[in-house]
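Descriptive structure summary
Listed here are the chains, written in short residue letters.
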Amino acid sequence: MGMEISESRAPLGAGSLRAATARTTAWAGAEPILLQEIPTVDALVQRLDSTGHVAVAEQVSAGLGPVPNVPPGAALWAAVAVDVDGVEPARLGWRTHAVALAAVDALRDAGRVPAEIVWPTTLSVPGAMCGGDAGTRSVGVVDVRPGASRSIVVATIGVLVALGTLELPKATTSIYADGGVIDRTALLATYLPALERRVAQWRDADPTLPNAYRDRCQTLGRLVDVDGREGRVRSVDDAGRLVVDLSGELVAVAADRPAPVLL
């Protein structure tokens, strides 16, 4: 029998989070820091200053994209500090994509929902938003913070887990609404090693990462609007940019620009 919403929203305990990281030998980082309500994802990021540290919050007051008031325990909010010293500048465009792909890995493996990515970082299950985007800075977004001697990237994730259909605005969904498994501890236990694996692929310029991202990116082949011009998405290039065919002109859109509007 599946977990009920009330059970999924029950506060995470230090013991359950400890069990989440101990459950897998693929995660070598520290035990998660458990926080209660915090105002923003940025506040979650500020709690981290060392590689391998993890912070998990019960609630982020700013909400998640078009869902302004996510109840405590209804979403998985996490931030992970990762050492990225030595990554070539040419590959920096893939850092957000690696985090989004790790979130998709966890949603598929532990959440049992057919998650995909709307370029660059929005999680979709399917066609409806299940996680934030670069505008909300909650899913697939990393914050580069200069350390004393090393460069630290903080990967943040916010995924709608235990929200019923009547609580969700139009064009949004949750793991519960899509009939998935709503165990936040299991999601975290799956996400952490997935993140470590995808970040390692990013650091090593492993072609597995871009190939997997393109396979999960539902924006490819779609008609989009770019600055008032209609075109079709052709690819995600080696720099992580979206390549759009605008009447024969190929335009590359970087992740730090407003995302093209799907038509």
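Residues numbered from 1 in each chain as written. Predicted model: local features only at pLDDT ≥ 70, side-chain atom pairs only at ≥ 80, totals over all residues. Heavy atoms only, no water.

This next bit is on the overall build of the protein. Assigned secondary structure in the protein consists of six helices and twelve strands. Looking at the 263 residues of the protein, the share that counts as buried comes to 51%. Taken as a whole, the protein presents about 11,400 Å² of accessible surface, with 51% of it coming from carbon and sulfur. (Helix = DSSP H or I, 4+ residues; strand = E, 2+ residues; numbered from the N terminus. Buried < 20%, exposed > 50% of the residue type's maximum accessible area, 1.4 Å probe, protein only. Areas by Shrake-Rupley, 256 points an atom, 1.4 Å probe, with all protein chains shown as cover.)

A few words now on the environment of Trp119. For Trp119, the position within the fold is in the loop between strand E4 (116–118) and strand E5 (122–124). Taking C-alpha positions, Trp119 is 9.7 Å from Arg216, a pair spaced 97 residues apart along the chain. Engagement of the side chain of Trp119 in a polar contact is seen with the backbone oxygen of Gly240, the distance being 3.2 Å. (Polar contact = N/O pair within 3.5 Å; in protein donor to acceptor, adjacent residues only side chain to side chain.)

Right, let's talk about the sheet that holds strand E11 (residues 249–253) for a bit. Taken in spatial order, the five strands of this open sheet run E11-E10-E9-E8-E12, and their pairing is antiparallel. Two strands close off the open sheet at either side, each with one partner strand: E11 and strand E12 (261–262). Relative to E11, strand E10 (residues 242–246) runs antiparallel, the two being bridged by five bridges. Paired with Asp245 across the bridge in E11 is Leu250. (Pairing = 2+ DSSP bridges.)

Scored by pLDDT, the protein has a mean of 82; 86% of the residues are at 70 or more. Strand E6 (residues 141–146) is the least confidently modelled element of the protein, averaging 46 in pLDDT, while helix H6 (residues 208–216) averages 96, the highest of any element. Considering only residues more than four positions removed or in separate chains, one finds that residues 133–149, a stretch of pLDDT under 50, has 56 contacts. (pLDDT = per-residue confidence, 0-100. Contact = heavy atoms within 4.5 Å.)

Take the environment of Ala43 next. Relative to the helices and strands, Ala43 is located in helix H3 (residues 41–45). Note: C-alpha distance between Ala43 and Val60 (17 residues apart in sequence) is 9.1 Å.

This paragraph deals with the nonpolar core. Side chains of nonpolar character tend, in soluble globular proteins, to be buried together. Of all hydrophobic cores here, the largest spans 58 residues; its most connected members are Ile175, Tyr191, Leu195, Trp202, Tyr213 and Val244. The leading source of residues in this core is helix H4 (residues 95–109), at nine residues. Once residues lying within four places of it in the same chain are set aside, the contact partners of Tyr213 are Trp94, His97, Leu101, Ile117, Trp119, Pro120 and Val236. Core analysis: the next-biggest nonpolar cluster, separate from the first, contains 22 residues, Leu35, Val45, Val70 and Leu160 among them. (Core = buried A, V, L, I, M, F, W, Y, C linked by side-chain atoms within 4.5 Å.)

Take a nonpolar patch on the surface next. A contiguous nonpolar surface patch, about 250 Å² in accessible area, is contributed by Leu223, Val261 and Leu263. Here Leu223 lies in strand E8 (residues 223–226). What makes Leu223 partly exposed here is its relative accessible area of 30%. (Patch = residues over 30% accessible without salt bridge, like charges linked within 9 Å, V, L, I, M, F, W, Y side chains within 5 Å. Salt bridge = Lys/Arg side-chain N within 4 Å of Asp/Glu carboxyl O.)

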